[in-house]
Amino acid sequence: HLDGASGEELSPGILYFASSLDGGSWRHTRKLARGNRAVVPLCGIHPMKAAGAEGELPFLKGEAGEYGLIGEIGLDFLWVEDRTGDGAQRRVFREFLALSSATGKPPTIHTKGGEREILETLREFSLGNALIHWYSGPEELIPPYLELGCYFTVGPDVFSGSEVWRHIPKDRLFCETDYPTGMPWICGGEARTDDIVRVYERTGELLGLAPERLAELTKENLVRWLA
């Protein structure tokens, strides 16, 4: 997410895939992308925003249909404690999945507390090109997601002992920071737009790969994911 970032804060040599949270987030991300070809904007409604942003769904679906990628969408029954918004979460999620299914635009999905339901919903929509964002478990669901064709990102918890990365084949793997909150939450300090370099270095260390080789592999994955 680049909601709080300006174009001047972006680092040369990094390709940014920036998910949106709601209408305001999307407008900022779209503006950044128009001014910087290194920003790839994703259009969606985050499940934590679904209850308040459902009215923006027609506009954002139209925007997502025009641009190349959808996200961040999904379900959150962990961090979202108010269960009265569950219906809005499911409606928004299903609307974007229907758009993804109709257009072939791959979605980036948030799964906290909704992992099993999301897996079944992806099967229902016959979607095998979803990117599962910063997956943290349960690990036994990784194989069925992989069988469906999903890709995964590993996040800053590679610094805190998570071993989810062990269960993800290298040809289905991406790295992320969940900027601006992910790295400060796990590692402390201030968020930087080049923190992704640190995640690549640490993930490469865990995999026994040089960061440059890991970057080559994820580039190959990206081409395949978007094909």
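Structure: see above.
No experiment lies behind these values; they were computed from the predicted model shown.

A.B. asks: Mind showing me how you'd approach the pattern of salt bridges here?
C.D. replies: Once the charged atoms of two side chains with opposite charge are near each other, the side chains can pair. The full count for this structure, using the stated rule, is 15 salt bridges. Taken together, the shared-partner salt bridges in this structure form one network comprising Arg 213, Glu 216 and Glu 220.

A.B. asks: What is the right way to read a nonpolar patch on the surface from this model?
C.D. replies: Taken together, the side chains of Met 48, Leu 78, Trp 79 and Trp 185 present a nonpolar region at the surface, about 510 Å² in accessible area. Tracing the chain through its elements places Met 48 in the loop between strand 2 (39-43) and helix 2 (50-53). Assessed through its relative accessible area of 48%, Met 48 is described here as partly exposed.

A.B. asks: It is not clear to me how the nonpolar core should be interpreted in this structure. Could you clarify?
C.D. replies: Within soluble globular proteins, side chains that are nonpolar generally end up buried alongside one another. Ranked by internal contacts, the top residues of the largest apolar core, which has 57 residues, are Leu 2, Phe 96, Ile 109, Leu 122, Ile 132 and Tyr 145. Of all the elements, helix 4 (residues 86-103) adds the most residues to this core, at five residues. Not counting the four nearest positions on each side in its chain, Ile 132 is found in contact with Ile 109, Thr 111, Leu 122, Tyr 145, Cys 150, Tyr 151, Phe 152 and Thr 153. Among the nonpolar cores identified, the runner-up in size contains seven residues, and Leu 69, Leu 131, Tyr 151 and Trp 225 belong to it.

A.B. asks: Would you explain the side chain of Glu 63 in this entry?
C.D. replies: Its location among the elements puts Glu 63 in helix 3 (residues 57-66). A polar side-chain atom of Glu 63 sits 2.8 Å from a polar atom in the side chain of Trp 26. The contacts of Glu 63, once residues within four sequence positions are left out, are Trp 26, Arg 30 and Cys 43.

Each value, and the rule that gives it
- Positions within a chain are numbered from 1, following the residues in the order the chain's sequence is written.
- Local features in a predicted model are, by the rule used here, given only for residues with pLDDT of at least 70; side-chain atom pairs are given and counted only at 80 or more, and totals for whole chains, interfaces and linings are based on all residues.
- For the side-chain quantities, the full set of heavy atoms in the structure was used; hydrogens and water were omitted.
- A pair is scored as a salt bridge if a Lys or Arg side-chain nitrogen falls within 4 Å of a carboxyl oxygen belonging to Asp or Glu.
- What goes into a patch is any residue over 30% in relative accessible area without a salt bridge, connected to like charges within 9 Å or, for nonpolar side chains (Val, Leu, Ile, Met, Phe, Trp, Tyr), within 5 Å.
- The Shrake-Rupley method, run with a 1.4 Å probe sphere, supplies the accessible areas, and residue values consider only the shown protein chains as cover.
- To qualify as a helix, a DSSP run of H or I must reach at least 4 residues; to qualify as a strand, a run of E must reach at least 2; elements of each kind are numbered from the N terminus.
- Only protein chains enter the accessibility calculation, which uses a 1.4 Å probe. A residue is then buried if its area is under 20% of the maximum for its type, exposed if over 50%, and partly exposed in between.
- Residues grouped as a nonpolar core are buried Ala, Val, Leu, Ile, Met, Phe, Trp, Tyr and Cys residues, joined through side-chain atoms within 4.5 Å.
- Contacts are assigned to residue pairs with any non-hydrogen atoms lying within 4.5 Å of each other.
- Counting of polar contacts relies on pairs of N or O atoms within 3.5 Å, with two restrictions inside protein: one atom must be capable of donating a hydrogen and the other of accepting it, and residues adjacent in sequence are counted only when both atoms are side-chain atoms.

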